[in-house]
Amino acid sequence: MLGWGVDRLRADMSRLLAILFHQGVLDEQFLQLQQLQDESSPNFVSEVVNIYFHESEKLLRNLRGLLMDREFSDYKKMGIHLNQFMGSSSSIGANRVRNVCVAFRAASEQNNRAGCLRALELLEHEYCYLKSKLHELFQMEQQRVLAAGVRYPLQQQH
């Protein structure tokens, strides 16, 4: 019965990843990141992704802060934040987040405040979706590791 739980969790994880790839949320870079994980660094992917989340939230706050300033005119600074967001999103395979950053940057290059506000809203939505789905994936992975590691002692028959 124990093996069934591990197999089911592994299948659920595969299904979730397939959905995220099909939706374009993730790309092949995420698979390359997973290939770097091994027994010597079993939490590598979740650690890298958590750093990404931490940095992304700072970037989102900075972008929102820039756009909420009524005197805002520093589209160059916005472009720098967006380039950072695009690069880090590309490095973990966050395809849809990266694509929204590209559109956001195009709006900022045209000094289009309304377009930037729409892009920020979409970026926050895509980021939250990515974060919730990867959190779900990492929870399944933790459950799978725990289930695989549980060993019940065999009872002695007398």
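Quick caveat: nothing in here was measured; it's all calculated off a predicted structure.

About the criteria used
Residues numbered from 1 in each chain as written. Predicted model: local features only at pLDDT ≥ 70, side-chain atom pairs only at ≥ 80, totals over all residues. Heavy atoms only, no water. Axes fitted to C-alpha atoms, helices over the stretch in contact; angles between N-to-C directions. Helix = DSSP H or I, 4+ residues; strand = E, 2+ residues; numbered from the N terminus. Parallel < 35°, antiparallel > 145°, perpendicular 65-115°, else oblique. Left-handed = near helix turned anticlockwise from the far one by under 90°. Contact = heavy atoms within 4.5 Å. Nonpolar A, V, L, I, M, F, W, Y, C, P; charged D, E, K, R; others polar. UniProt positions renumbered as here; feature names shortened; annotations may be inferred. Buried < 20%, exposed > 50% of the residue type's maximum accessible area, 1.4 Å probe, protein only. Expected span 1.5 Å × (residues − 1). Polar contact = N/O pair within 3.5 Å; in protein donor to acceptor, adjacent residues only side chain to side chain.

## Regarding the packing of helix 4 (residues 75-92) against helix 5 (residues 95-109)
Then, in step 1: The interhelical angle for the contact between helix 4 and helix 5, taken along N-to-C directions, is 165 degrees, at an axis separation of 9 Å. In terms of orientation, helix 4 lies roughly antiparallel with respect to helix 5. By crossing handedness, the relation of helix 4 to helix 5 is classed as left-handed. Judged by residue contacts, Y75, M78, G79, L82, N83, F85, M86, S89 and S90 of helix 4 engage V97, R98, C101, V102, F104, R105 and S108 from helix 5.
Then, in step 2: The residue makeup of the contact of helix 4 with helix 5, split by class, is nine nonpolar, five polar and two charged.

## Focus on the environment of V97
Then, in step 1: Counting through the fold element by element, V97 comes out in helix 5.
Then, in step 2: Setting aside residues no more than four positions away along its own chain, V97 makes contact with Y52, F85, S89, L123, E126, Y127 and L130.

## Some details on the UniProt feature "domain: HPt" (unreviewed entry) in the chain
Then, in step 1: Mapped onto this structure's residue numbering, the UniProt feature "domain: HPt" (unreviewed entry) falls at residues 41-137.
Then, in step 2: As annotated, residues 41-137 has a helix share of 86% and a strand share of 0%, and its two end C-alpha atoms lie 17 Å apart.

## Some words on unusual backbone geometry
Then, in step 1: Despite not being glycine, N111 has its phi angle at roughly 55 degrees, a positive value.
Then, in step 2: Within the element layout of this structure, N111 appears in the loop between helix 5 and helix 6 (113-149).
Then, in step 3: On the basis of relative accessibility, which here comes to 51%, the residue N111 falls in the exposed class.

## Some words on helix 6
Then, in step 1: Between the first and last C-alpha of helix 6 there are 53 Å, a value that for 37 residues agrees with the 54 Å anticipated at 1.5 Å per step.
Then, in step 2: Two to three positions downstream of the cap, the backbone nitrogen of A114 sits 3.3 Å from a side-chain oxygen, assigning the N-cap of helix 6 to N112.

## With respect to the environment of S46
Then, in step 1: With respect to the helices and strands, the residue S46 is situated in helix 3 (residues 44-68).
Then, in step 2: Sequence separation of S46 and M78 is 32 residues, and the distance between their C-alpha atoms is 28 Å.
Then, in step 3: With near-sequence residues (within four places) excluded, S46 lies in contact with Q37 and F138.

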